[in-house]
Amino acid sequence: MRPLPSRTLTRSNAQYKRALKRLPLGVASTFRYWGDDRTIYASHGKGGRIWDIDDNGYVDYRLGYGPAILGYGDDRVDAAARRGIEVGGVFALSTERELIVADRIAKMVPGVDLVRFSNSGTEAVMAALRLARAHTGRDSYLLIEGAYHGLFDAAMWMANLEDWDQSANRDPEITAYSKGIPQELKTLAHLVPMNDLQRLEDTFRRHGDTMAAMLIEPIQGNCCGIAASVDYVRLARELCTRYGVLLIIDEVKTGFRVAKGGVQSLYGVTPDISTFAKAVANGYPIAVVAGREGVMRTFRYGGAAHGGTYTAHSVSLAAAEECLRILDETPALQTIATYGETLKAGISRILERRGIVHSYAGHASMFGLFFAEKAPDNYRDWKTSDYSFYDQMAYFLHDLGIIVEPDSREPWFVCEAHGLDATCLSDTLKAVETAVDLTLEHFEAEKRA
Ligand SMILES: Cc1ncc(COP(=O)(O)O)c(C=O)c1O
């Protein structure tokens, strides 16, 4: 067997040991911990690449879980952000730029009449659910298995596939993602598997009169990019209307990425409320809760509370104005989609030459790679598939200078800078080819052992 690729992580390893004394797991967000000797610390990023503090360079397909839609340190957006610094921060007062950005969003997303800002995806979805509850006077809501809507209690219920006995012909238990979520809240959350139209109808028949909202990511940005069928999303729209339930399309990952008008424009379905975050300002912290007028006006004194000290910060707002202008007025999204398609085709050629069956889920700008003939239709399919090849390959890719999430549920994200960088594609494909071969050898060696 050939020698395994390796990187020097001396500084990252030392930083980890120091950081552990002050920061739980040595990091600022639990998902950034990749093991005691493989947790890396970033030094800087530019375009589609990042460098760690040992000066290892990587082509990055995590892109901070999606926000760097144009690429890291985009000169145009950063120049705008600097103009935002000059404005002075937050005043607990509104500024004129809010309306400029809100107008842009309403122009790009046809279903949006009114807009409010938040600071993170979690905050925006939390506001959307509160808005739906205030508007309908109901408390319960519907989630799709495999979806992720942020780290607030109501969104943190999931199907427990770890302990699920498929053969028993019953649904997985609903369980909390985390300790610290009150069990009492569980009764308010209903879960259904994606793309099961009958189950959706049945659930509305049983609970539709008491539900405030249905939340859906038609392309699941935290579950391989698994996509709902058009029929499924249209049925969801129809059932929501019939039962007086508000449809919330969570576009935190898909918004201003898969299309100017978001995933809702690809499906031709208009939600009552939409949430956006990641791509809005190329990584500057800002999020959006938006929707139709009759619903959004429930944000008022005596209605649904909304606000916050840092809401519509002058730096993020200025960055959002420029980022959305670029996404709206230039071919950036086309560049991204073309690069994604070319990358997928290149990976496929490598895999096909080795007879490795595979498929893709999602959109070219955020795709899941799946080692099976057909991409999964729902989270249960993913869980029951063999994703060990991916996990091992991701491990080798890191050593070879490509960053993808080690968990195969996180899609590969593409930014404009990937498409404009003359060597991102060739660097990636060279590394993928080596990683695939090493993974094959790894499993061969395991079999022999
Ligand atoms: C669909 C979706 N909703 C909400 C969130 C939460 O966003 P944030 O991490 O900004 O709080 C995420 C984060 O990945 C997401 O993908």
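The numbering scheme is per chain: residues are counted from 1 as the chain's sequence reads. Where local features are concerned, this predicted model is filtered to residues with pLDDT of at least 70; where side-chain atom pairs are given and counted, the filter is 80 or more; whole-chain, interface and lining totals use all residues. Only hydrogens and water are set aside when side-chain values are computed; all heavy atoms of the structure are taken into account.

## Notes on empty space enclosed by the protein
A cavity, in this analysis, means grid points on a 1 Å lattice covering only the protein atoms where a 1.4 Å probe fits yet has no way out; a pocket is instead an open set bounded by protein on both sides within 12 Å along at least five of seven lines, and a residue lines either one if it has an atom within 4 Å of a point. Grid points are joined across faces, edges and corners, and a volume is the space filled by probe spheres set on the points. Scanning the entire structure with this criterion turns up 1 cavity of 30 Å³ or more. In this structure, the largest cavity encloses a volume near 60 Å³. Looking at the lining of the largest cavity residue by residue, the class counts come to 7 nonpolar, 2 polar and 1 charged. Note on residue classes: Ala, Val, Leu, Ile, Met, Phe, Trp, Tyr, Cys and Pro are nonpolar, Asp, Glu, Lys and Arg are charged, and everything else, Gly too, is polar.

## Let's talk about the packing of helix 2 (residues 75-87) against helix 9 (residues 314-329)
Only the stretch in contact is used when a helix axis is fitted, and all axes are lines through C-alpha atoms; the angle between N-to-C directions ranges over 0 to 180 degrees. Segments assigned H or I by DSSP are reported as helices when at least four residues long, segments assigned E as strands when at least two residues long, and all are numbered from the N terminus. Axis separation between helix 2 and helix 9 bottoms out at 7 Å; the angle between their running directions is 150 degrees. The angle between helix 2 and helix 9 places the two elements in the roughly antiparallel class. Crossing of helix 2 over helix 9 shows right-handed handedness. Residue-level inspection shows R76, V77, A80, A81, G84, I85 and V87 of helix 2 in contact with helix 9, the latter providing S314, V315, A318, A319, E322, C323 and I326. Of the residues contributing to the contact of helix 2 with helix 9, the split by class is 10 nonpolar, 2 polar and 2 charged. In what follows, roughly perpendicular refers to angles from 65 to 115 degrees, roughly parallel to angles under 35, roughly antiparallel to angles over 145, and oblique to any angle outside these ranges. It is the rotation of the near helix from the far one that decides the hand of a crossing: anticlockwise by less than a right angle makes it left-handed, clockwise makes it right-handed. Whether two residues are in contact is decided by their heavy atoms: any pair within 4.5 Å suffices.

## Focus on a nonpolar patch on the surface
Here a patch means residues that are over 30% exposed by relative accessible area and free of salt bridges, tied together within 9 Å if like-charged and within 5 Å if nonpolar (Val, Leu, Ile, Met, Phe, Trp, Tyr). Per-residue and other accessible areas follow the Shrake-Rupley method at a 1.4 Å probe size, with only the shown protein chains counted as cover for residues. Each reported salt bridge corresponds to a side-chain nitrogen of Lys or Arg within 4 Å of a carboxyl oxygen of Asp or Glu. On the surface, a nonpolar cluster with roughly 290 Å² of combined accessible area is contributed by V87, F91 and L93. Only protein chains enter the area calculation, which uses a 1.4 Å probe; residues under 20% of their type maximum are buried, those over 50% are exposed, and those in between are partly exposed. Note on F91: relative accessible area 38%, which makes it partly exposed.

## Thoughts on the site of the ligand
Every residue close to the ligand is listed here: S120, G121, T122, Y148, H149, G150, E217, N222, D250, V252, K253 and K278. Any pair of nitrogen or oxygen atoms within 3.5 Å is treated as a polar contact; in protein, a donor-acceptor pairing is required on top of that, and neighbouring residues in sequence qualify only through side-chain atoms on both sides. One nitrogen or oxygen atom from the side chain of K278 is found 2.9 Å from an oxygen atom belonging to the ligand. In the complex, the protein chains occlude 84% of the 390 Å² of accessible area that the ligand would expose alone. Classifying every residue of the shell around the ligand by side-chain character gives 2 nonpolar, 6 polar and 4 charged. In this text, near means that some heavy atom of the residue lies within 4 Å of the molecule or strand in question.

## Structural notes on the layout of surface pockets
Counted as a void, the second largest pocket has a volume near 420 Å³. Those elements that place two or more of their residues in the lining of the second largest pocket are helix 3 (96-108), strand 4 (114-118) and helix 9. Looking at side-chain class alone, the lining of the second largest pocket contains 10 nonpolar, 9 polar and 4 charged residues.

## Structural notes on the domain arrangement of the chain
Considered domain by domain, the chain is made up of domain 1 (10-72 + 331-448) and domain 2 (75-329). For every domain, the bounds stem from an assignment made automatically or drawn from a database. Inter-centroid distance (C-alpha atoms) of domain 1 to domain 2 is 26 Å. Note on domain 1 versus domain 2: buried area summed over both sides is about 3,100 Å², and carbon and sulfur give 61% of it. If you sort the residues of domain 1 by the area they bury against domain 2, L333, Y379 and R380 come out on top, with a joint share of 24%. Viewed at the interface, domain 2 and domain 1 are joined by 5 salt bridges. Residues R76 and E416 are paired through a salt bridge, measuring 2.8 Å at the closest nitrogen-oxygen approach. Where domain 1 meets domain 2, there are 17 residue pairs in polar contact (both at pLDDT 80 or more). Secondary-structure elements contributing two or more residues to the side of domain 1 that touches domain 2 are helix 10 (332-353), strand 13 (359-363), strand 14 (366-370) and helix 11 (379-383). Summed over both partners, the accessible area (1.4 Å probe) lost when two parts come together is defined as the buried area.

## Some thoughts on the sheet that holds strand 2 (residues 49-52)
DSSP-based pairing: two strands are paired if at least 2 bridges between them are found. Strand order in the open sheet made by the 4 strands is 1-2-3-15, with mixed pairing throughout. A strand with exactly one partner marks an edge of an open sheet, and here the two such strands are strand 1 (42-46) and strand 15 (402-403). In the sheet, strand 1 pairs with strand 2 via 4 bridges, with the strands oriented antiparallel. Looking at the pairing, H44 lines up with W51 of strand 2.

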